[in-house]
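# Summary of the model geometry
Listed here are the chains, written in short residue letters.
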Amino acid sequence: MSKSTTDESGPLLGPADIRELAATLGVRPTKQRGQNFVIDANTVRRIVRTADVRPDDVVVEIGPGLGSLTLALLEAADRVTAVEIDDVLAAALPATVTARLPERADRFALVHSDAMHVTELPGPAPTALVANLPYNVAVPVLLHMLATFPSIDRTLVMVQSEVADRLAARPGNKVYGVPSVKANWYAEVKRAGAIGRNVFWPAPNVDSGLVSLVRRERPVDTTATREEVFAVVDAAFAQRRKTLRAALSGWAGSAAAAEAALVAAGISPQARGEALTVEEFARIAENRQPVENRQTAEKRETEEKRQTAEKQDTAENREAGK
């Protein structure tokens, strides 16, 4: 395929290039994989700038599609590794890179795989993650990559606007939830801009937003493991309208055991998950009682309920005997 004739695009893909390439490959974007291809060269350059991609960066890109963002990343970074699940797109991308940026082709690598299954990448360890993530898998893919590749220092992802809001939300915000807390386990998270619908083909029915994640200089200070902390987070938001005493009863073994863990962590049992920071969730995880203590708490709670029921029965019987 020939280079675009517009000077503004240079080696990057413009709208005509995208449609021509898609027609040649017989590609139609599918909702199943959340495919919406970026067709505006200015937008991908803006993404690269916002991502603070540097000349020594090793960038991993998820879902490169036809290569719009890939080419812009290759212009700015030392190396780019793209992870693509689609058979046709994965097969075509290396040729697109060679045709439009031949002098950088040796700096590009392709991994033909589902990003959720990727546990290693070719070449040097990635230092940055930049991606237009499919809307339907954005959060799990993002969290998987951050967990699997601790060398990723900076991340910029384009996601559905509502997902961007959830990722960047702070405690007390109505959209603060599981994605917010888990993303904050790894990084400082913030909104980094909005993206219009008209830069995509096909144009999506939702707005898009950029989210910046800069990995924490120091991990969350806790003796609990990530899995232990995330278990508390999942339990707290599975029933987000309930108090933590009630919402964490299954996780702790009983409501009494949940209350004990919360009190030990310095958190009100009447609080709700949406009010807590990731550090506070970690403290709760640290204070989960051993099994034998939980069993004791359960017995105590059962005995308290029995005694309360007996008192109620006695009071009712007295009332009936009057």
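The text that follows walks through the structure, step by step, so that each part is easy to find. Per chain, the residues get numbers from 1 upward, laid out in the order the sequence is written. Reporting of local features is limited, given that this is a predicted model, to residues whose pLDDT is at least 70; pairs of side-chain atoms are given and counted only at 80 or more, and all residues count toward the totals for whole chains, interfaces and linings. As a rule here, side-chain values cover all heavy atoms of the structure and leave hydrogens and water aside.

## As for the pattern of salt bridges
As a reminder, the rule being used: Take a side-chain nitrogen of Lys or Arg and a carboxyl oxygen of Asp or Glu: if they are within 4 Å of each other, that pair is a salt bridge. Under the scheme used here, helices are H or I runs from DSSP no shorter than 4 residues and strands are E runs no shorter than 2 residues, and both carry numbers assigned from the N terminus. Each residue gets one of three labels from its accessible area relative to the maximum for its type: buried under 20%, exposed over 50%, partly exposed in between, using a 1.4 Å probe on protein chains only.
Tallied over the full model, the rule gives 14 salt bridges. The partner of R45 in a salt bridge is E75, with the nearest N and O atoms 3.8 Å apart. Remark: E75 occurs in helix α3 (residues 68–76) and R45 occurs in helix α2 (residues 41–50); sequence separation between them is 30 residues. Two residues, D52 and R54, come together in a salt bridge whose shortest N-O distance is 2.7 Å. Given a relative accessible area of 36%, R54 falls into the partly exposed group. Within this structure, D57, D153 and R154 form a network of salt bridges that share partners.

## Points about the environment of L66
So the rule is basically this: Contacts are assigned to residue pairs that have any heavy atoms within 4.5 Å of one another.
Mapped onto the fold, L66 is located in the loop between β2 (58–62) and α3. Residues L66 and I18, 48 residues apart in the sequence, show an inter-C-alpha distance of 7.1 Å. Sequence-distant contacts of L66, defined by excluding residues within four places in its chain, comprise L13, I18, L21, A22, L25, F37, L89, L93 and T96.

## Some words on the pairing of strand β5 (residues 128–132)
Remark: a regular strand shows side chains that alternate across the two faces of the sheet. Stated precisely, the cut-off is as follows: DSSP calls a pair of strands paired once it identifies at least 2 bridges connecting them. By convention, orient the strands away from the viewer: a clockwise path from the first strand over the helix to the second makes the crossover right-handed.
Burial runs high along β5: five of the five residues are buried. Of the two faces of β5, the one carrying A128, V130 and N132 and the one carrying L129 and A131 are both buried. In terms of strand pairing, β2 meets β5 through two bridges, oriented parallel. From the neighbouring strand, V60 faces β5, where its bridge partner is L129. In this structure, β5 lies alongside strand β6 (residues 154–160), joined through five bridges in parallel fashion. Residue pairing in the sheet places A128 in a bridge with R154 of β6. A crossover connection joins β5 to the parallel β6 through helix α5 (residues 138–148); in handedness this β-α-β unit is right-handed.

## Brief notes about the packing of aromatic side chains
Basically, it comes down to this: Any two rings among Phe, Tyr and Trp, with Trp reduced to its six-membered ring, count as a pair given centres within 6.5 Å; such a pair is stacked if its planes are under 30 degrees apart, edge-to-face if over 60, and tilted if neither.
In this structure the tally under the stated criterion is five aromatic pairs. Ring geometry for Y176 against F237: centres 6.2 Å apart, planes inclined by 70°, an arrangement best described as edge-to-face. You can see Y176 sitting in the loop between α6 (161–168) and α7 (178–186) and its partner F237 sitting in helix α8 (residues 226–238), a full 61 residues away along the chain. Judged on exposure class, the residue Y176 and its partner F237 are both buried. Note on F237 and F281: the rings are 5.9 Å apart at their centroids and 45° apart in plane angle, and the pair reads as tilted. Of the two residues, F237 is situated in helix α8 and F281 in helix α12 (residues 278–286); the sequence distance between them amounts to 44 residues. Site record: aromatic cluster; members linked through ring pairs are Y176, F237 and F281.

## Some points on the packing of α3 against helix α4 (residues 87–100)
The following threshold applies: In this analysis, axes come from line fits to C-alpha atoms, helices being fitted only over the stretch in contact, and the angle between any two N-to-C directions falls in the range 0 to 180 degrees. Each angle is binned into one of four classes, with values under 35 degrees roughly parallel, values over 145 roughly antiparallel, values of 65 to 115 roughly perpendicular, and all other values oblique. Here a crossing is taken to be left-handed if its near helix is turned anticlockwise relative to the far helix by less than a right angle, and right-handed if that turn runs clockwise. Amino acids outside the nonpolar list (Ala, Val, Leu, Ile, Met, Phe, Trp, Tyr, Cys, Pro) and the charged list (Asp, Glu, Lys, Arg) are all regarded as polar, and Gly is one of them.
Where α3 contacts α4, the two axes come as close as 11 Å, and the packing angle between them is 50°. Classified by the angle their axes make, α3 and α4 are oblique. As for how α3 packs across α4, the hand of that crossing is right-handed. Every residue of α4 that contacts α3 at T70, L71 and L74 is listed here: L93, V97 and R100. Looking at the contact of α3 with α4 residue by residue, the class counts come to four nonpolar, one polar and one charged.

## A few points about α4
Keep this limit in mind: Multiplying one less than the number of residues by 1.5 Å gives the expected span of a helix. Fitting axes to the seven residues that end at a residue and to the seven that start at it, the angle between those axes gives the bend at that residue.
With 14 residues, α4 extends 21 Å between its outermost C-alpha atoms, agreeing within 8% with the 20 Å of an ideal straight helix rising 1.5 Å per residue. Within α4, the axis deviates most sharply at L93, by approximately 30°, and proline P94 lies no more than four positions further along. Inspection of α4 places L89, A90, A92, L93, T96, V97 and R100 among the buried residues, and these make up the whole buried set. Among the structural elements, α1 (15–25), β1 (37–38), α3, β3 (79–84) and β4 (108–112) are those in contact with the buried residues of α4.

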